[in-house]
Amino acid sequence: MLAGFIRIAYVENRYRGNYGYRFQESLDSGRCPCGLGTNRSDVIVTAEDDVTNLDDYDVLIFVQDKGQKPVTPPLWKNIVSSAKEGQRRVYASVESVSNVRYLIPSVSKSNSPYHWSLTYHSMSDIPVPYGRYQPFEHGTETENRDKNWAEGKTGLVAWMPSRKNTMWKRDEFVSSLQAYFQVDLFGTGYKTCNADIDSCMENIKNYKFYLAIENSCCSEYITDKLWKTFSWGIVPIVIGASKEDYLRLAPPNSFIYADDFETPEDLGDYLRKLDNTDEFYNDYFQWRQEGEAFLDSSTREMLGEDTDTSLYSCKTVCRVAKKFVNETSVETGTHTGNNFDPGTSWWGKSCKACGSHTWISQFN
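Residues numbered from 1 in each chain as written. Predicted model: local features only at pLDDT ≥ 70, side-chain atom pairs only at ≥ 80, totals over all residues. Heavy atoms only, no water.

- If you look the protein chain up in an unreviewed UniProt entry, it shows as Fucosyltransferase from Holothuria leucospilota.
- A UniProt comment under Sequence similarities (unreviewed entry) is attached to the protein chain, and it reads "Belongs to the glycosyltransferase 10 family."
- The UniProt entry for the protein chain carries the following comment under Pathway (unreviewed entry): "Protein modification; protein glycosylation." (UniProt positions renumbered as here; feature names shortened; annotations may be inferred.)

### Remarks on the overall build of the protein chain
Alright, step 1. For the protein chain, the count of helices and strands is 11 helices and 15 strands.
Alright, step 2. Within the protein chain, the proportion of its 364 residues that are buried is 54%.
Alright, step 3. Excluding contacts between residues fewer than 6 apart, the proportion of contacts in the protein chain whose partners are at least 24 apart in sequence is 76%.
Alright, step 4. Working note: accessible area of the protein chain is about 16,700 Å², and carbon and sulfur atoms make up 47% of it. (Helix = DSSP H or I, 4+ residues; strand = E, 2+ residues; numbered from the N terminus. Buried < 20%, exposed > 50% of the residue type's maximum accessible area, 1.4 Å probe, protein only. Contact = heavy atoms within 4.5 Å. Areas by Shrake-Rupley, 256 points an atom, 1.4 Å probe, with all protein chains shown as cover.)

### Comments concerning the nonpolar core
Alright, step 1. Counting 100 residues, the largest nonpolar core has Ile61, Phe173, Phe209 and Ile256 as its most contacted members.
Alright, step 2. In contact with phenylalanine 173, not counting residues within four places along its chain, are Trp168, Ile213, Ile239, Trp359, Ile360 and Phe363. (Core = buried A, V, L, I, M, F, W, Y, C linked by side-chain atoms within 4.5 Å.)

### Looking at the pattern of salt bridges
Alright, step 1. Under the counting rule described, the total for this entry stands at 8 salt bridges.
Alright, step 2. Note that arginine 248 and glutamate 220 form a salt bridge whose closest N and O atoms lie 3.0 Å from each other. Of this pair, arginine 248 sits in helix α6 (residues 243-249) while glutamate 220 sits in the loop between β10 (207-213) and α5 (224-232), and the two are 28 residues apart along the sequence.
Alright, step 3. When its relative accessible area of 47% is taken as the criterion, arginine 248 is described as partly exposed.
Alright, step 4. By relative accessible area, glutamate 220 is classed as buried at 5%.
Alright, step 5. Among the ionic pairs, aspartate 260 bridges to lysine 243, the shortest N-O distance being 2.8 Å. Note that aspartate 260 is positioned in the loop between β12 (256-257) and α7 (264-276) and lysine 243 in helix α6, a separation of 17 residues in sequence.
Alright, step 6. Counted as one network, the salt bridges with shared partners bring together Glu220, Asp245 and Arg248. (Salt bridge = Lys/Arg side-chain N within 4 Å of Asp/Glu carboxyl O.)

### A few points about the state of the cysteines
Alright, step 1. The full count for this structure, using the stated rule, is 4 disulfides.
Alright, step 2. Each sulfur in the disulfide pair cysteine 32 and cysteine 314 lies 2.1 Å from the other. Negative torsions about the S-S bond denote left-handed disulfides, and the value of about -80° found for cysteine 32 with cysteine 314 makes this one left-handed. With cysteine 32 in strand β2 (residues 31-33) and cysteine 314 in helix α10 (residues 314-327), the pair connects residues that are 282 residues apart, well separated along the chain.
Alright, step 3. Residue classification places cysteine 32 among the buried positions, given a relative accessible area of 0%.
Alright, step 4. Note on cysteine 314: relative accessible area 13%, which makes it buried.
Alright, step 5. Cysteine 34 shares a disulfide with cysteine 318; S-S distance 2.0 Å. Judged by the torsion about the S-S bond (-85°), the cysteine 34/cysteine 318 disulfide is left-handed. In this pair, cysteine 34 sits in the loop between β2 and β3 (42-47) while cysteine 318 sits in helix α10, placing the two residues 284 residues apart along the sequence.
Alright, step 6. Owing to a relative accessible area of 16%, cysteine 318 belongs among the buried residues under this scheme. (Disulfide = S-S within 2.5 Å.)

Structural data, given as structure tokens:
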């Protein structure tokens, strides 16, 4: 250990390059000034492809990412057997557990090498959500109270898929919707903006609805697909986490939950009703008088915005370091709390088929 500092390493076994580029450009020589109020106030961060001297670090963050190679039995044995007294290990992922569950062998809480979790889920020891809704502290917003959010929008439904390889057949699902209402596709191979993401976004803002459908349906897996839609000022049609998750985490009355409808015809009829009646459409924007939707985690990074809350930022590193200071006795190595089990109900066992109605679930 390095005296005077807390040392944290991001440990991964990846096809892609190292994580160093993801940190803010202002990061000085791998050091995050956390100001923890202790004699170990700064954090030294290592973000290499292969961190071999595991004993050199106070905290190891094991990132589970869809670009990784599966952990081999010899590597897993090394991870489990190399635990150092006083060292803390963090399971980290902002990917759907459906995409990363194959990366590690099955473990239970009794033999898990992880002390804490760092994921998008609110049950995590250190949550890093894709976005969040925050009610205003004082009063209501009046500036846009009379704004007609339908004005100037000439398109009905837009969709810009992020990738084709998903846990369900999203592309086929969207194609099936074309029989009931028009869906315009953006991105590579579709609209003329396919080579310019900014142009795509500007065009999408001219639509009333956006298909914010996730690549898998797991607890609280609500990504930039929802939160960026709010930044565009249009209404998201969602498929992903449970409706209860959306109701709890998203702004009130801000989205259309596709699985509420018995048939795609019913959904199409409802969209046309909103399209033809500005008053009904504007109901989905009343929440903007009471609060604000923030882009957090990798959402900001994807949109080229401030990344101070992303998984690979000094802010997140300092949150990990603060937990290390607060919950660990460096002198004795005492750890408070239970180890994290990646197979827990809210994480490893939280995924389900998308949609309860056949017109959605048939594409699982």
